[in-house]
Amino acid sequence: MAVTELDTVVAQTATDKRRVKTTSKEVWTARWLLLPAVLFLILLTQIPFLTTVGYSTIRWNLLYPNDRGFTWFKNYGTALSSGDLWPSIVATVVITALAVVFSLLFGMIFALLLNRQFRGRAVARTLMITPFLIMPAASALIWKYSMFDTNIGILNWLSRTLHLPVISWSTEHPLLAVIIVLTWEFTPFMMLILLAGLQGQDTGILEAAQVDGAGPWRIFTWITLPHLRMYVEIGVLLGAVIIIQVFDPIAILTKGTGGTKTLAYLLYERAFIGLDVGQAAAYGVITVVLTIIVATIALRTLFKVFMAGGSR
C-alpha cells in the first residue's frame, strides 16, 4: 500500500512539473508576442520625454536664440517658485473633477433611459454619442458662438425671451462655461461605458427582486449600482486621463482667464507665447511627475477593478 501511495505522489509531482513548465513556456511566449508593441510604445513615449528632460536643463528662449546654456535645475526652481504653477494645478483638478462627476451623473441617467425598450432606441443612441465624435475645437466653437454668444447665442436668446439678464458666459463665468462644454462632450463617453454594464446585467436577478417586492429605487441602489461599480471606476479613470489634457475649450473660450488656466494651457503659454523652451520643458516634466504620482495612488487605493482578483 505504501509503494502504491509513493508511486502516486511521484506521478503527481511529475505532472505538476510538466504543468509548471508548460505554463512558464506560455507566459514567455505571450511576453515575446507583446515585445514589439512594448518596444514601439517605449520609443514613441520615452524618447520625447527624455528629450524634454534634456531641454528642461538648459536656458533657451527663442527671443534670444544665441543666449543658450546649461542651467542644471534652475528652470525647475523658477517653475516651482513662480505664482503660476500651483493655481494651474488647482484649476486642472477642479475642472477635471467637476467635468468627470457631471459627465458621470448625466451619463448614468441617459444610460438608464436608453437601456429601456422603446421605438427609435437605436436612433436615440446614435444621436446621443454625436457630441463625443465632434472634434474638441469644433465643440468649443459651437458653444462659443451658437450657445454662449451674447447676441446670437441660444442661451441668451432664451434669457431675453424670459426677460432675464443677458450673461456673457466666457467672461463672467469662464470656469462654468468650460465645465459645461466638457460635460456635454464627455457625457456620451460615460453613457456608453455604463450602458455596456447595464446590458451585461442578469435580468433574472432584477425580475426576482421585483417579485420579492423591491421598488425601482431599491433595485437600483442595491443591485444595479453595485453591478456598475467596475464600469464607473473605468469611466472615471479614463475620463480623468482624457479631460486632464484638454486644451481646446480653454484656448477658444477663456484663454486661461477666470481660474481656467490648466497645466496644459500653462505649457502652451510658456512655449508658444513666452517662447521659453527651457521653462516650458520644466513645466512639462513636473506635470508628468505629478500625474504619475496621482495616478499611482489612485490605482492602488481607489480603483478595485485594477487589483488582483478584483478585491481590495
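Residues numbered from 1 in each chain as written. Predicted model: local features only at pLDDT ≥ 70, side-chain atom pairs only at ≥ 80, totals over all residues. Heavy atoms only, no water.

## As for the overall build of the protein
Selection rule: Secondary structure elements follow DSSP: runs of H or I of four or more residues count as helices, runs of E of two or more count as strands, with numbering from the N terminus. Throughout, exposure labels follow a simple rule: accessible area from a 1.4 Å probe, protein chains only, divided by the maximum for the residue type, with under 20% read as buried, over 50% as exposed, and the rest as partly exposed. Note on contacts: a residue pair is in contact if any heavy atoms of the two residues lie within 4.5 Å. Calculation of accessible area relied on Shrake-Rupley with a 1.4 Å probe; when residues are assessed, cover is drawn exclusively from the protein chains displayed.
If you tally the helices and strands in the protein, you get 15 helices and 2 strands. The buried share of the protein, reckoned over its 312 residues, is 32%. For the protein, the share of sequence-separated contacts (at least 6 apart) that also reach a separation of at least 24 residues comes to 66%. With an accessible surface of roughly 19600 Å², the protein has 71% of that area assigned to carbon and sulfur atoms.

## A word on the environment of Pro-174
Considering the arrangement of structural elements, one finds Pro-174 in helix H9 (residues 174-199). The spacing of Pro-174 and Lys-255 is 81 residues in sequence and 9.4 Å in space, taken between C-alpha atoms. Apart from the residues within four sequence positions on either side, Pro-174 is in contact with Trp-169, Thr-254, Thr-257, Gly-258 and Thr-260.

## Let's talk about the nonpolar core
Counted only if it meets this: What is meant by a nonpolar core is a set of buried Ala, Val, Leu, Ile, Met, Phe, Trp, Tyr and Cys residues, joined one to another through side-chain atoms within 4.5 Å.
Core analysis: the largest hydrophobic core is formed by 25 residues, its most contacted members being Met-108, Ala-111, Leu-182, Phe-186, Leu-194, Val-232 and Ile-243. Top element by residues in this core is H9. It accounts for 10 residues. Sequence-distant contacts of Leu-194, that is, excluding residues within four places in its chain, are made with Leu-104, Gly-107, Met-108, Ala-111, Leu-228, Tyr-231 and Val-232.

## Considering the packing of aromatic side chains
Defined as follows: When the centres of two rings from Phe, Tyr and Trp lie within 6.5 Å, Trp using its six-membered ring, the rings pair. Their planes under 30 degrees apart give stacked, over 60 give edge-to-face, and anything left gives tilted.
In total, this model carries 14 aromatic pairs according to the counting rule given. Relative to Phe-73, the ring of Trp-72 has its centre 6.4 Å away and its plane inclined at 50°; by these criteria the two rings are tilted. For the pair formed by Trp-72 and Phe-73, the shared burial category is exposed. Here the aromatic rings of Phe-247 and Tyr-265 are separated by 5.8 Å at their centres, their planes lie at 20°, and the arrangement is stacked.

## Brief notes about the side chain of Ser-88
Assignment of secondary structure puts Ser-88 in helix H3 (residues 85-114). Take Ser-88: its relative accessible area is 1%, and that puts it in the buried class. Not counting residues within four places of it along the chain, the set of residues in contact with Ser-88 comprises Lys-261, Thr-262, Leu-263 and Leu-266.

## Details of the layout of surface pockets
For clarity, the cut-off: Cavities and pockets were defined on a 1 Å grid built over protein atoms only: a cavity is a set of grid points that admits a 1.4 Å probe from which the probe cannot escape, a pocket is an open set flanked by protein on both sides within 12 Å along at least five of seven lines, and lining residues are those with an atom within 4 Å of any such point. Grid points are joined across faces, edges and corners, and a volume is the space filled by probe spheres set on the points. In this classification, the charged set is Asp, Glu, Lys and Arg, the nonpolar set is Ala, Val, Leu, Ile, Met, Phe, Trp, Tyr, Cys and Pro, and all remaining amino acids, among them Gly, are polar.
If you add up the space inside the largest pocket, you get close to 1100 Å³. Forming the walls of the largest pocket are 35 residues, and the residues nearest its centre are Thr-92, Ile-244, Leu-263, Thr-287 and Thr-291. Counting residues per element, the ones that place at least two in the lining of the largest pocket are H3, helix H12 (229-243), helix H14 (263-273) and helix H15 (277-301). The element that contributes the greatest number of residues to the lining of the largest pocket is H15, accounting for 12 residues. A class-by-class count of the residues in the lining of the largest pocket yields 27 nonpolar, 7 polar and 1 charged. Taken as a whole, the second largest pocket holds about 700 Å³ of empty space. Residue lining of the second largest pocket: 22 residues in total, with Leu-112, Asn-115, Arg-116, Leu-206 and Thr-224 positioned closest to the centre. Elements with a contribution of two residues or more to the lining of the second largest pocket: H3, H9, helix H10 (203-211) and helix H11 (216-227). Broken down by element, the residue count for the lining of the second largest pocket peaks at 5 residues, all from H3.

## Things to note about H12
The test is simple: Helix span, expected: 1.5 Å multiplied by one less than the number of residues in the helix.
The end-to-end C-alpha separation of H12 is 21 Å, in line with the 21 Å expected for 15 residues at 1.5 Å each. Taken together, the buried positions of H12 are Val-232, Glu-233, Gly-235, Leu-237, Gly-239 and Ile-243.

## Examining the pattern of salt bridges
The condition that has to hold: A carboxyl oxygen of Asp or Glu within 4 Å of a side-chain nitrogen of Lys or Arg is what we treat as a salt bridge.
Under the criterion given, the structure shown has 5 salt bridges. Note that Arg-270 and Glu-269 form a salt bridge whose closest N and O atoms lie 3.8 Å from each other. According to the relative accessible area criterion, Glu-269 is buried, its value standing at 16%. When salt bridges with common partners are traced through the structure, they connect Asp-84, Lys-261, Glu-269 and Arg-270 into a single cluster.

## So, H9
Applicable threshold: The angle separating two fitted axes, one through the seven residues that finish at a residue and one through the seven that start at it, defines the bend at that residue.
Look at H9: 38 Å from first C-alpha to last across 26 residues, which is about the 38 Å you get at 1.5 Å a residue. In the structure, H9 departs most strongly from a straight axis at Phe-186, where the bend amounts to approximately 35° and where the proline Pro-188 lies between one and four residues downstream. Most of H9 is tucked away: 19 of the 26 residues are buried.

These figures capture arrangement, not role.
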